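# Structural features, examined
One-letter residues, chain by chain:
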Amino acid sequence: MGGSISTIRLLRNGAVILDNGPASGTAPDCLNDAGSYIYRLEANGSDGRQDAQERTVTVTAVPTIPPLAGTSWKLSYYYDGVGALVSVINGTEVTALFGNDGQLTGTGVLQHV
């Protein structure tokens, strides 16, 4: 397609998942089910012409991420916001508990040293 691109659309199995997208860049499309998906990219030029391409993507297995529910975490380091990991203060214990009900609770304890 000659000239400049005015609009871009991305469809998955006929449903629009990105409308009026940028001419370059990336975006996630997280799929929850294995199967075949037909992606169609449509580009409209400023001269009114349209070009489209289709590709089929087959997902054989969707990776699973273990749920946080029912897990307990203990803070060892934290990010200082400038670029460094910092150890917690000696005698300090910070925990987080991810409940089965979707709630997050935690504690912060400073033991006298």
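Conventions we followed
Residues numbered from 1 in each chain as written. Predicted model: local features only at pLDDT ≥ 70, side-chain atom pairs only at ≥ 80, totals over all residues. Heavy atoms only, no water. Pairing = 2+ DSSP bridges. Helix = DSSP H or I, 4+ residues; strand = E, 2+ residues; numbered from the N terminus. Axes fitted to C-alpha atoms, helices over the stretch in contact; angles between N-to-C directions.

### Concerning the sheet that holds strand 1 (residues 5-12)
- In space, the four strands of this open sheet follow the order 2-1-3-4, with antiparallel pairing throughout. Only two strands of the sheet have a single neighbouring strand rather than two, namely strand 2 (15-19) and strand 4 (50-59). Averaged over all pairs of adjacent strands, the angle between their axes in this sheet comes to 20 degrees, without regard to strand direction.
- Of the pairings in the sheet, the one linking strand 1 to strand 2 comprises four bridges and is antiparallel in character. Directly across from Leu11, in strand 2, lies its bridge partner Val16.

### Overview of the sheet that holds strand 9 (residues 104-110)
- An order of 5-8-9 is seen for the three strands of this open sheet, with the pairing classed as antiparallel. Lying at the two open borders of the sheet, with one neighbouring strand each, are strand 5 (71-74) and strand 9. Strand-to-strand, the axes of this sheet are offset by a mean angle of 15 degrees, without reference to chain direction.
- In this sheet, strand 9 lies alongside strand 8 (residues 92-98) in antiparallel orientation, the contact comprising seven bridges. The residue bridging Ala96 from the neighbouring strand is Gly106, located in strand 9.

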